[in-house]
Amino acid sequence: MTDLKNKIKNQIILFFQNTRKPLMILILSILTTGVIWAQNKGIVTGVISDAQSGETLIGANVILEGTSFGTATNIDGEFIIANVPAGDYTLLVSYIGYDNKTTAINVVAGEKTTVNLSIAYSGIELGAVEVTAQARGQLSAINNQLNSKDIRNVVSAERIQELPDANAAETIGRMSGVSVLRSGGEGNKVVIRGMSPKYNKITIEGVSMSGGGGDRSVDISAISPYSLDGIEVMKAVTPDKDADYIGGAVNFKLRTGREGWSSDFVVQKGYNDLKGTMSDYVIVGSIDNRFFDNKLGVYLQGNIEQRNRSANQLSASYNVHNDAVVGEQNPVWLQNLTLSDVFRKRTRKGATLVLDYKLNDGVIHFKNLYNGGNTDIDRYNQQYGVNNRMHTYMGRIDEYALSSFTNVFDIEKRFGAFTIDAKASHSFNKNENPNYKEFLFQQHAAIDPSTQIDPYSPSVIINELTEIDDDRAFFNYAKEGNSKTEERQIGASVNLKYDFTLNEKINGNIKIGGKYRTKNRFYDREAYGSDLVIHEGQYAPLIRDAFPEIAAQTPENISQLPFSLFSNPEFDHRNYMDGEYSMGAVPDLELMTEVLQVLKDARSTHQTAYEHHDKSSATYDYSGNEYFNAAYLMADINFGPKIKLIPGVRYEKNKTRYTAVNGVTNIILRETGGYPHSEKEYTRVNDFLLPMVHLKVTPTDWFDIRFAYTQTLSRPSYYQVVPRLDVYSARTDDVWLNNYNLQPEESENFDLYLSFHEDHIGLFTIGGFYKKIDNMIFNLGSRIITDTTGYNLPSNVDVNKLQYVSTYANNKDQAKNIGFELDWQTNFWYLPGALKGIVLNVNYTHIFSEAKYPYTYFNKEWNPAAFKYDLFNVDTFYTSPLMHQPNDIVNVQLGYDYKGFSARVSMLYQAKIFKNPNFWPELSQYTDDYLRWDLSVKQKLPWYGMQLFCNINNITGAKDRDLVQGARYDASIQHYGMTVDLGLRIKL
């Protein structure tokens, strides 16, 4: 069946490629005929606004009663209904939370009928009650979501700024079907419907964001919520959108200029409970207006901030022993345990400039977003190596610098029944660590040998089975270096839409378009250092003589320098991990930096005191380009006011050309003995035809059903397909090989959603999804090389010495991902008195996923002829959920507004997120239950639009905790504590 489907797909692709000219001629002929026929039609246009505030309403539903003609208002509250036959109609405006409004209109052939209407909030006498910011934000999101063509969730600008969130990622994490990965206590990447961040797409105004990571995921923690006009999470794609995601797509919409001068200033000071600091601050300012009879809009915003994002962390690895039995509950053994005290300071800056110019029946936008900043990290680690009985002190300094730009120029213009829009875009991301430093001290025989005989919990090993002596931990090495990733994308797209009318019951539009995008990307790393172990401590006297305080405590001929000479006696861990674990001494990083400089200065007379690390500086470097082409054809057909059908097909072609390093690691001198290598370039091309169909049925004005069938894909991570190869040459040649022939992962997606919407109910949605995922990419692990065919090994590899190969592969077995979502958004405007200020948002998500993960182990047979054992692969598999898939997610936000007072309490609960698959179920990892509470309180002041606010995040100090399944021992902990922000906002 699969072969037949592929043959059909290939034939259709060939048809598209060979018949582009005839197809264009045919389409243009149809459209030309439509122009002549459309001359007997008229256009209805206008603006819908709030009767009380005068603000325009986004997502208001505007229809001509008794017909299939209708639309929703755009971001400026404007609507256009084209190709309407001449005659008399009743125009109906509806907006959840507001009273419906009708007006009689007359449409004249060849002319434009303009209708501007204002509508009033439901259940109140005009002017008696002001619609609160929380209620307005919720209603805007509800109506936008109801009138969208695809299946999506929406957060409005008002709601974004009412939530106590430090960045946009945290806001997205409160939506149904979404969970968040955190770094330094703040969300930075999103997991949608249980699919890891690399399976989700991040866009700004529909333009893909450039990312600095190696797996195509994007860090969105730097995006300021103050510059946003809304966030959309799209869960079922339409053919006119990029289809390179399996989980979902997040689109950030930027604010535009409004009529009349307005400004918004925020000053905020913050407290970090974990480290007891008051160094956090946020400063935001924006100004906007419209000029030249409201044709030109200008919006300018800037922000700077500093955050203490420190953390207490734990990570641990476990194993089972060789006598483990499949199907039994085997004991788990701790292999390594690392405790970390991380001091992380983030300084960010951003700017947004949006210009728009309104044309007759059109608009031009020029949107620009910049985010940049620095993250300084001092990391102190203590590692307990149970296998080698080693205790290690490590200190590391990192300085990360981020720069990100997105520029979008687009124009949209209507010509009668035609609408054409064109877009040009540029995005750039640079993520560099200009100077990192790392220092390590080791103590041998620090852990009791009984840990090799019996399994113990981490706390028992640390507290009872270790003998830590700072005078027996010796200086091992000092390293430094730098790394940089750069990515630049340039794209252009054109879309042509034609509105057609067959009769009053059947109308819609046909849309065609194309896109082209290029991407340039590279990664470069340099590393240097001094290894006192390899050089047998011969440089210890250099260090001793450079520091009088060390010389006073050590003999002249010393070859090993104890950790006690370099520790920082004034360091305070405060209440590390709330007392669950404890950390001891840490290295003095300022002193260690001076030590490294001494070694660096000595290289003129001692060549090996400070050396270039040849392998680390070359093996991971790569550069290359990607070229993306896409075209689509779709229709949007209304069958009366009750049924909307959107069928279509999308064609995508992606060509990649990357160059990476092929090298041989010398087992004797891994870093400094030279790294023989060459560069390999490889080009790969793949294309896909992706059919899609959306159906919306509205049996009543308070209920609708949506169904979507879509096909989407996810392209391999950069680090999986760049043609890197490394041969680890010892007795045998073991090969690490990237698989540059990996195929994209493909998914068939089925979505069904039921929505109930009414003024008293608000919006209640229940929906389910089912994904069938082919070609999932996994780490194949190590395999015995039995046949070199297909590996494309370089000529300097001795095939007679080959032993193991590690690489990536596509999974031949299909994975599945199933889930359902409940979402209720409402406010209680109908309750008496002050109770009408209550606003409620609740959502629940349950997800189940299953994938077969191939697993290979080795067996051996005695070969008497060769008088040795022959090794061979035994291939099997194990079944586990998908990575980062949560079982359950619950979000609750309860808000309250009364006059100038506003408060919102938010609760997030996540249960059992799957973290790490393993052949042995005992070694699988998943999160412990996570319950977090946040609070936001605001109070308006009677002067100059001022507002005081207080945001408290993670009130109970919840920890991100992962457990190993076999014994429920800690596998990972990240503890960030509580943060409090106090601020003043002025809106003029």
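Refer to the structure above for everything that follows.
Only a predicted model underlies this, so the values are computations on that prediction, with no experimental measurement involved. (Residues numbered from 1 in each chain as written. Predicted model: local features only at pLDDT ≥ 70, side-chain atom pairs only at ≥ 80, totals over all residues. Heavy atoms only, no water.)

Draft legend 1. Examining the overall build of the protein chain more closely. Helix and strand content of the protein chain: 10 helices and 47 strands. Here the C-alpha radius of gyration of the protein chain, 31 Å, is about what a compact globule of 988 residues would show, namely 30 Å. Its C-alpha atoms put the protein chain at 100 × 70 × 55 Å along the principal axes. If you take every contact in the protein chain between residues at least 6 apart in sequence, the share linking residues at least 24 apart comes to 71%. Roughly 41,300 Å² of accessible area belongs to the protein chain as shown, and the carbon and sulfur atoms make up 54% of that amount. Across the protein chain, the mean location of the 98 positive side-chain charges is 6 Å away from that of the 114 negative side-chain charges. (Helix = DSSP H or I, 4+ residues; strand = E, 2+ residues; numbered from the N terminus. Rg over C-alpha atoms; globule rule 2.2 N^0.38 Å. Contact = heavy atoms within 4.5 Å. Areas by Shrake-Rupley, 256 points an atom, 1.4 Å probe, with all protein chains shown as cover. Lys, Arg positive; Asp, Glu negative; His and termini not counted. Charge placed at Lys NZ, Arg CZ, Asp CG, Glu CD.)

Draft legend 2. Just the side chain of His365, in detail. When you line up the elements, His365 lands in strand 21 (residues 362–385). Of the residues examined, His365 reaches a relative accessible area of 12% and is grouped as buried. Beyond its immediate chain neighbours, meaning those up to four positions away, His365 contacts Leu355, Asp356, Val408, Phe409 and Asp410. (Buried < 20%, exposed > 50% of the residue type's maximum accessible area, 1.4 Å probe, protein only.)

Draft legend 3. Broad picture of the nonpolar core. Among the nonpolar cores identified, the biggest contains 35 residues, and Leu314, Tyr318, Leu339, Tyr581 and Leu882 are the most heavily contacted of them. Elements supplying a minimum of two residues to this core: strand 19 (311–319), strand 20 (333–359), helix 6 (458–464), strand 38 (838–863) and strand 46 (969–975). Look past the residues within four positions of Tyr581 in its chain and what remains in contact with it is Leu314, Leu339, Pro458, Ser459, Ile462, Tyr576, Asp970 and Ile973. (Core = buried A, V, L, I, M, F, W, Y, C linked by side-chain atoms within 4.5 Å.)

Draft legend 4. Looking closely at helix 3 (residues 133–146). Over its 14 residues, helix 3 runs 20 Å from end to end, which matches the ideal 20 Å to within 8%, given 1.5 Å per residue. With respect to burial, helix 3 is a largely interior element, 13 of its 14 residues being buried. (Expected span 1.5 Å × (residues − 1).)

Draft legend 5. Seen up close, the sheet that holds strand 12 (residues 201–204). Read from one edge to the other, the open sheet built from 5 strands follows the order 9-14-15-12-13, with strand pairing classed as mixed. Two strands close off the open sheet at either side, each with one partner strand: strand 9 (151–156) and strand 13 (207–208). As paired strands, strand 12 and strand 13 are joined by 2 bridges and run antiparallel to one another. What sits directly across from Thr203, in strand 13, is Ser208. (Pairing = 2+ DSSP bridges.)

Draft legend 6. Just the sheet that holds strand 2 (residues 61–64), in detail. Strands sit in the order 3-2-5-6 across an open sheet of 4 strands; the sheet is antiparallel. This sheet does not close on itself; its edge strands, each paired only once, are strand 3 (70–72) and strand 6 (101–107). Recorded for the sheet is a direction-independent mean angle of 20° between the axes of neighbouring strands. In this sheet, strand 3 lies alongside strand 2 in antiparallel orientation, the contact comprising 3 bridges. (Axes fitted to C-alpha atoms, helices over the stretch in contact; angles between N-to-C directions.)

Draft legend 7. Summary view of the pattern of salt bridges. All told, the structure shown has 55 salt bridges when counted by the stated rule. A salt bridge links Arg985 to Asp264; the nearest nitrogen and oxygen atoms lie 2.5 Å apart. Here the residue Arg985 occupies a position in strand 47 (residues 979–987), and Asp264 occupies one in strand 16 (residues 262–272), the gap between them amounting to 721 residues. Each member of the pair, Arg985 together with Asp264, is buried. Ionic pairing is found between Glu748 and Lys772, a salt bridge with its closest N-O pair at 3.6 Å. You can see Glu748 sitting in strand 33 (residues 745–758) and its partner Lys772 sitting in strand 34 (residues 762–774), a full 24 residues away along the chain. If you follow the salt bridges from partner to partner, you end up with Lys201, Asp242, Asp244, Lys515, Arg517, Arg650, Glu652 and Arg715 in one network. (Salt bridge = Lys/Arg side-chain N within 4 Å of Asp/Glu carboxyl O.)

Draft legend 8. The packing of aromatic side chains, seen in detail. Counted according to the given criterion, the structure contains 41 aromatic pairs. Taking the centre distance of 5.5 Å and the plane angle of 75° together, the rings of Trp261 and Phe291 count as edge-to-face. One end of the pair, Trp261, is in the loop between strand 15 (249–254) and strand 16; the other, Phe291, is in strand 17 (residues 277–291), and 30 residues separate them in sequence. Linked through ring pairs, Tyr853, Tyr855, Tyr857, Tyr878, Phe919 and Trp920 together constitute an aromatic cluster. (Phe/Tyr/Trp six-rings, centres within 6.5 Å; stacked < 30°, edge-to-face > 60°.)

Draft legend 9. How the structure looks around the environment of Val284. Here Val284 shows up in strand 17. When neighbours within four sequence positions are excluded, Val284 is seen to be in contact with Tyr226, Asp264, Phe265, Val266, Gln301, Gly302 and Asn303.

Draft legend 10. Summary view of the environment of Ile550. Here Ile550 is to be found in helix 8 (residues 548–551). For Ile550, a relative accessible area of 1% translates into the label buried. If sequence neighbours within four positions are ignored, Ile550 has contacts with Arg544, Leu565 and Phe566.

Draft legend 11. Fine view of the environment of Gly957. Inspection of the secondary structure puts Gly957 in the loop between strand 44 (946–953) and strand 45 (960–964). The exposure class of Gly957 is buried, given its relative accessible area of 14%. Note: C-alpha distance between Gly957 and Leu337 (620 residues apart in sequence) is 23 Å. Residue contacts for Gly957: discarding those within four places in its chain leaves His975 and Gly977.

Draft legend 12. Up close: the pairing of strand 34. In terms of strand pairing, strand 33 meets strand 34 through 13 bridges, oriented antiparallel. Residue pairing in the sheet places Glu748 in a bridge with Lys772 of strand 34. Of the strand pairs in this sheet, strand 34 and strand 37 (residues 815–827) are connected by 11 bridges, and their pairing is antiparallel. Across the sheet, the residue bridging to Tyr770 is Ile818, located in strand 37.

Draft legend 13. Broad picture of helix 9 (residues 589–601). The terminal C-alpha atoms of helix 9, which comprises 13 residues, lie 18 Å apart, in line with the 18 Å expected from a rise of 1.5 Å per residue. Burial in helix 9 covers these residues: Leu589, Leu591, Met592, Val595, Leu596, Val598 and Leu599. Each buried residue of helix 9 lies within a common arc of 165° when the element is viewed along its axis, so the set occupies one face. Among the exposed residues of helix 9, those pointing more than 90 degrees away from its buried face are Glu590 and Asp601. Residues of helix 9 that are buried sit in contact with strand 21, strand 22 (390–415), strand 23 (418–443), strand 24 (474–501), strand 25 (506–531) and helix 7 (540–546). You can read the cap of helix 9 off the contacts: a side-chain oxygen lies 3.1 Å from the backbone nitrogen of Glu590, and it is on Asp588. (Arc of directions from axis to C-beta. Polar contact = N/O pair within 3.5 Å; in protein donor to acceptor, adjacent residues only side chain to side chain.)

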